[in-house]
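Commentary on secondary and tertiary structure
Each chain, letter by letter, is given below.
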Amino acid sequence: MSGLLAGKRLLVTGVITDASIAFSVAKLAQENGAQVVLTGFGRLSLVERIAKRLPEPAPVIELDVTNTEHLAGLADSVRQHVDGLDGVVHSIGFAPQSCLGGGFLDAGWDDVATALHVSTYSYKSLAMAALPLMQPGGAVVGLTFDATKAWPVYDWMGVAKAGLESASRYLAMHLGPKGIRSNLVAAGPLRTMAAKSIPGFEKFEQTWAERAPLPWDLTDQEPAARACLALLSDWFPATTGEIVHVDGGYHALGAA
């Protein structure tokens, strides 16, 4: 077995279609020597069908990150397929429609709470559920969208991502003594299913096409996936609490 992740055992969440960043992570991870276990929520048959499109069909286990029973049983479910984990990929986010598309001032707490639970708190929940399977040298990697700025139409999901970025830093602090790293990849806008659910998403597309220093391909998930793989590998042994931007350099620019 050879490759950047030779011998690694990974849990990858968030594979919904083969256009998702998570699918690209799983595909590249297998091509680089890793064993991959996927999680799915809701329509498991859909995830299982997508899993068959990987270089090697990957097992799929059910996981609702807001379900305490699912989280409590995650380690046992994973052990049915691999004997431990070297990395966990958090590619989970959801906000009710009231929280997106310009409804920031009107969204009610119940909907906001759902967005924060699924998109923010779940990062810590997933890491702790997987912790019994992990050893020093392991890594947790999540996906964010630059939360240092307020974006049109992103609204409460932007707040949730800001919380995710902070949660990753705290997780890095608390898991560091156990030898486990926590890092995020801030990807630019991509035409994933999640993006399509955001009203007015085309505003991001136009902005990136015009201003990113490097050409930005809205349909290419591989650059973000490669960054995830690098952070899961042994090549970043002393990096934690970091956010790696994979956005064509857009974040480095000032306002026009």
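Let me sum up the structure you'll find in this document. (Residues numbered from 1 in each chain as written. Predicted model: local features only at pLDDT ≥ 70, side-chain atom pairs only at ≥ 80, totals over all residues. Heavy atoms only, no water.)

Remark: helix α5 (residues 109–130) packs on helix α6 (residues 155–175), axes separated minimally by 9 Å, with the N-to-C direction vectors making an angle of 20°. Here α5 lies roughly parallel to α6, going by the angle between them. In terms of crossing hand, the pair formed by α5 and α6 is right-handed. Residues V112, A115, L116, S119, T120, Y123, K124 and A127 of α5 form the contact with α6, whose participating residues are W156, M157, A160, G163, L164, S168 and L171. In the contact of α5 with α6, the residues fall into 10 nonpolar, four polar and one charged. (Axes fitted to C-alpha atoms, helices over the stretch in contact; angles between N-to-C directions. Helix = DSSP H or I, 4+ residues; strand = E, 2+ residues; numbered from the N terminus. Parallel < 35°, antiparallel > 145°, perpendicular 65-115°, else oblique. Left-handed = near helix turned anticlockwise from the far one by under 90°. Contact = heavy atoms within 4.5 Å. Nonpolar A, V, L, I, M, F, W, Y, C, P; charged D, E, K, R; others polar.)

Glancing now at the environment of L231. Mapping L231 onto the fold places it in helix α9 (residues 222–232). For the pair L231 and P57, spaced 174 residues apart in sequence, the C-alpha separation works out to 24 Å. The residues touching L231, leaving out its near neighbours within four places in the chain, are A139, V141, R181, N183, L184, V185, F236 and V244.

Now for the packing of aromatic side chains. All chains considered together, the criterion is met by seven aromatic pairs. Ring centres 4.4 Å apart and planes at 10° place the aromatic pair F104 and W156 in the stacked group. Of the two residues, F104 sits in the loop between β4 (85–90) and α5 while W156 sits in helix α6, which places them 52 residues apart along the sequence. We classify F104 as partly exposed; its relative accessible area is 33%. Look at W208 and Y250: their rings are 3.9 Å apart centre to centre, the planes differ by 15°, and that puts the pair in the stacked class. Taken together, the residues span a long stretch of sequence, with W208 in helix α8 (residues 202–211) and Y250 in the segment after β7 (243–246) at a distance of 42 residues. One aromatic cluster is present, formed by F145, W151, Y154, W208 and Y250 through successive ring pairs. (Phe/Tyr/Trp six-rings, centres within 6.5 Å; stacked < 30°, edge-to-face > 60°. Buried < 20%, exposed > 50% of the residue type's maximum accessible area, 1.4 Å probe, protein only.)

Next up on the list: the pattern of salt bridges. Counting across every chain of the model gives eight salt bridges. As a salt-bridge pair, D234 and K8 come within 2.7 Å of each other at their nearest N and O atoms. Separated by 226 residues along the polypeptide, D234 in the loop between α9 and β7 and K8 in the segment before β1 (9–12) bring together distant segments of the chain. Between R53 and D18 there is a salt bridge, with the nearest N and O atoms lying 2.9 Å from each other. Here D18 lies in the loop between β1 and α1 (21–31) and R53 lies in the loop between α2 (44–51) and β3 (60–62), a separation of 35 residues in the sequence. For R53, a relative accessible area of 47% translates into the label partly exposed. Overlapping salt bridges bring together R9, D83 and D86 as one network. (Salt bridge = Lys/Arg side-chain N within 4 Å of Asp/Glu carboxyl O.)

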